[in-house]
Amino acid sequence: MEQGRDEFFMARCLQLARLGAGHVAPNPMVGAVLVCEGRIIGEGYHRHYGQGHAEVNCIASVRTEDRHLIPRSTIYVSLEPCAHHGKTPPCADLIVAEGIPECVIGCIDIFAKVAGKGIARLEAAGVRVKTGVLEAECKALNSRFFTFHGLQRPYVVLKWAQSSNGFIAAEGGRPVRISHPVTDRLVHKWRSEEAAILVGAKTAQGDNPRLNNRLWSGRQPLRIIIDLNDKVPASHQVYDKSQPTVFVTTKAKPDQDHILVDGVQSLLPQLLQELHARSVQSVLVEGGAYTLQHFINDGLWDEARVITGANPLPTGVVAPTLHGAVLEDTLLLETDRLFFYRHG
Ligand SMILES: NC(=O)c1ccc[n+]([C@@H]2O[C@H](COP(=O)([O-])OP(=O)(O)OC[C@H]3O[C@@H](n4cnc5c(N)ncnc54)[C@H](OP(=O)(O)O)[C@@H]3O)[C@@H](O)[C@H]2O)c1
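Predicted model only: the values in this text are computed from it and were never measured.

A few points about the layout of surface pockets
No. 1: Here the second largest pocket is characterised by a volume of approximately 1200 Å³.
No. 2: Residue assignment for the lining of the second largest pocket shows that the elements contributing at least two residues are helix H5 (135-141), helix H6 (143-150), helix H7 (181-193), strand S13 (303-308) and strand S16 (336-343).
No. 3: Here the element with the most residues in the lining of the second largest pocket is H6; it accounts for five residues.
No. 4: Grouping the amino acids of the lining of the second largest pocket by side-chain chemistry returns 18 nonpolar, 14 polar and 13 charged.

Here's what the structure looks like:
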């Protein structure tokens, strides 16, 4: 089959895969289509964590009158079919059992139990396999999954709001409204999309934030508070038990979920290692400046989203400085300008 067609059907796999956003983590989003002589006879995607994979849903969607076409079809799938018994049986076995002669794959799975084994199983059974179609797009779709398994740490998204002249808070750390209410809504959507949200002690202490998702539908993130010296009062909202919360500390906290660290030396690598062990696939770091700057200086970030409000402040807490950032996109939202960077 010519190159353009493979890309066309893989693009459809990506469209389908995205429909699983917010429902499949820590699994990757995956889409699949089954094509016979240029006609799509089946489509599917991974809808919910623990439920059928894209290939299973795709094959199940084929109409009775088209089922005889399956052994003459090509299956397109955005991620290598699995070869292991997880919560569902191996998809590579299903493709073989259905007699599908050809499989076109977007990118190879990085998850150790799959990595190349799905392809090996297909090829051993005589299925023709082609890989790397829209590979960059397929990997980018699951950047959290690939970072988590490849770098053995959560995917880190930095976020802050700054005044038009670069302050994130007023003098003395007094919180002020910087962003437009519509942007706040978008930020809550972002909170619903990440596994965890993290702030430093001074933000938890001074702003007394709830760190939840109230302005969007969907999941509540795990709250992570870096409070090495137990400075945040127990009366503050991060102690309200309304959602799972973990404190990063140098002293054990018997009544609270906590992560013990040795001290400030290599704090962030230690913390991210522990979050990886707890299967936390992504973290939204919301401040303050000190905390954000530590992630930046340690090179432990993947994306930064900077919201610049319409008004200046006379003085205040200076916004962090990004290093090695590549501007990917901008957005004008009411009176705010949003800048989206990736770590280059
Ligand atoms: N505009 C925005 O987007 C935004 C967002 C959040 C906060 N803010 C503002 O930011 C201000 C607070 O920022 P801030 O920079 O002063 O403080 P911060 O980052 O909130 O907290 C800093 C404290 O957190 C602990 N900490 C965090 N990361 C650490 C690390 N890697 N190693 C060691 N300790 C670490 C330390 O606590 P100990 O000193 O106890 O060890 C440190 O002093 C507030 O005024 C808040 O209103 C603005």
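What to know about the site of the ligand
No. 1: By nearness alone, 26 residues border the ligand, and Ala161, Gly173, Thr203, Tyr290 and Thr291 come closest of all.
No. 2: At a separation of 2.7 Å, a nitrogen atom of the ligand approaches a polar backbone atom of Ala161.
No. 3: In this structure, an oxygen atom belonging to the ligand sits 3.3 Å away from a side-chain N or O atom of Lys231.
No. 4: A breakdown of the residues in the shell around the ligand according to their chemical character gives 14 nonpolar, eight polar and four charged.

Let's talk about the domain arrangement of the protein
No. 1: Its domain assignment divides the protein into domain 1 (3-148) and domain 2 (153-343).
No. 2: For domain 1 versus domain 2, the separation of C-alpha centres amounts to 35 Å.
No. 3: Contact between domain 1 and domain 2 buries roughly 960 Å² in total, counting both sides, with carbon and sulfur atoms accounting for 52%.
No. 4: Area buried by domain 1 at its contact with domain 2 is led by Arg144, Thr147 and Phe148, which between them contribute 70% of it.
No. 5: For the pair domain 1 and domain 2, the interface holds one salt bridge.
No. 6: Glu194 serves as the salt-bridge partner of Arg144, at 2.8 Å between the closest nitrogen and oxygen.
No. 7: Our count for the contact surface shared by domain 1 and domain 2 stands at three residue pairs in polar contact (both at pLDDT 80 or more).

Section: the sheet that holds strand S4 (residues 102-107)
No. 1: If you trace the five strands from one edge of the open sheet to the other, you get S2-S1-S3-S4-S5, paired in mixed fashion. Either end of the sheet is taken by a strand with one partner, and the two such strands are strand S2 (39-45) and strand S5 (128-131). Averaged over neighbouring strand pairs, the angle between their axes works out to 15 degrees when direction is ignored.

Quick notes on the packing of aromatic side chains
The description of an aromatic ring pair rests on the distance of the ring centres and on the angle between the ring planes.
No. 1: Taken as a whole and assessed by the stated rule, the structure comprises five aromatic pairs.
No. 2: Measuring from ring centre to ring centre gives 5.7 Å for Phe145 and Phe146, while their planes differ by 90 degrees; the resulting arrangement is edge-to-face.
No. 3: Arranged with centres 6.1 Å apart and planes meeting at 80 degrees, the rings of Trp190 and Phe340 form a pair that is edge-to-face. Of this pair, Trp190 sits in helix H7 while Phe340 sits in strand S16, and the two are 150 residues apart along the sequence. The burial state of Trp190 is the same as that of Phe340; both residues are buried.
No. 4: Through a chain of ring-to-ring contacts, the aromatic side chains of Phe8, Phe9 and Tyr76 assemble into a single cluster.
No. 5: A cation over a ring is seen here: Arg305 above Trp190, with NZ or CZ 4.7 Å from the ring centre.

With respect to helix H4 (residues 117-124)
No. 1: All of the buried residues along H4 are Gly118, Ile119 and Leu122. Buried residues in H4, looked at end-on, bunch into an arc of 95 degrees, giving them a common side.
No. 2: Tucked inside the fold, the buried residues of H4 contact helix H3 (91-97), S4 and S5.

So, the UniProt feature "binding site: NADP(+)" (unreviewed entry) in the protein
No. 1: Under the UniProt annotation, the feature "binding site: NADP(+)" (unreviewed entry) is placed at Ala161 and Asp207. A stretch of 47 residues holds the annotated residues, and the largest C-alpha distance among them is 14.1 Å, short enough that they meet in one place.
No. 2: With respect to the helices and strands, Ala161 occurs in strand S6 (residues 155-162).
No. 3: What Ala161 contacts, discounting residues up to four positions off in sequence, is Phe167, Ile168, Ile178 and Ile307.
No. 4: Topologically, Asp207 is positioned in helix H8 (residues 201-207).

Cut-offs used in this document
For every chain, the first residue of the written sequence is number 1, and numbering continues from 1 onward in sequence order. Reporting of local features is limited, given that this is a predicted model, to residues whose pLDDT is at least 70; pairs of side-chain atoms are given and counted only at 80 or more, and all residues count toward the totals for whole chains, interfaces and linings. Values shown for side chains rest on all heavy atoms present in the structure; no hydrogens or waters enter the calculation. Cavity means a closed set of points on a 1 Å grid over the protein atoms alone, one where a 1.4 Å probe fits but cannot get out, pocket means an open set with protein on both sides within 12 Å along at least 5 of 7 lines, and lining means a residue has an atom within 4 Å of a point. Grid points are joined across faces, edges and corners, and a volume is the space filled by probe spheres set on the points. Each helix corresponds to a stretch of at least 4 residues labelled H or I by DSSP, and each strand to a stretch of at least 2 residues labelled E; elements are numbered beginning at the N terminus. Residues are sorted three ways: Asp, Glu, Lys and Arg are charged, Ala, Val, Leu, Ile, Met, Phe, Trp, Tyr, Cys and Pro are nonpolar, and all the rest, Gly among them, are polar. We call a residue near a molecule or strand as soon as one heavy atom of that residue lies within 4 Å of the molecule or strand. Think of a polar contact as two N or O atoms within 3.5 Å of one another; within protein, one of them needs to be a possible hydrogen donor and the other a possible acceptor, and neighboring residues in sequence only count if both atoms come from side chains. For every domain, the bounds stem from an assignment made automatically or drawn from a database. Buried area: the accessible surface (1.4 Å probe) lost by two parts on joining, summed over both. Whenever a carboxyl oxygen of Asp or Glu lies within 4 Å of a side-chain nitrogen of Lys or Arg, that contact is scored as a salt bridge. In this description, strands pair whenever DSSP reports at least two bridges between them. An axis is simply a line fitted to the C-alpha atoms; with a helix, the fit covers only the stretch in contact. Between two such axes, the angle follows the N-to-C directions and lies from 0 to 180 degrees. Any Phe, Tyr or Trp ring, taking Trp's six-membered ring, that has another such ring centre within 6.5 Å forms a pair; planes under 30 degrees apart are called stacked, those over 60 apart edge-to-face, and the others tilted. With a 1.4 Å probe rolled over the protein chains alone, any residue whose accessible area is under 20% of its type maximum counts as buried; one over 50% counts as exposed, and the rest are partly exposed. Working rule: Lys NZ or Arg CZ, within 6 Å of ring centre, within 35 degrees of ring normal, means a charge sits over the ring. Summarising the geometry, the arc corresponds to the directions from the helix axis toward the C-beta atoms. Contacts between residues were defined by any pair of non-hydrogen atoms, one from each residue, lying within 4.5 Å. UniProt positions are given in the numbering used here, feature names are shortened, and annotations may be inferred rather than shown by experiment.

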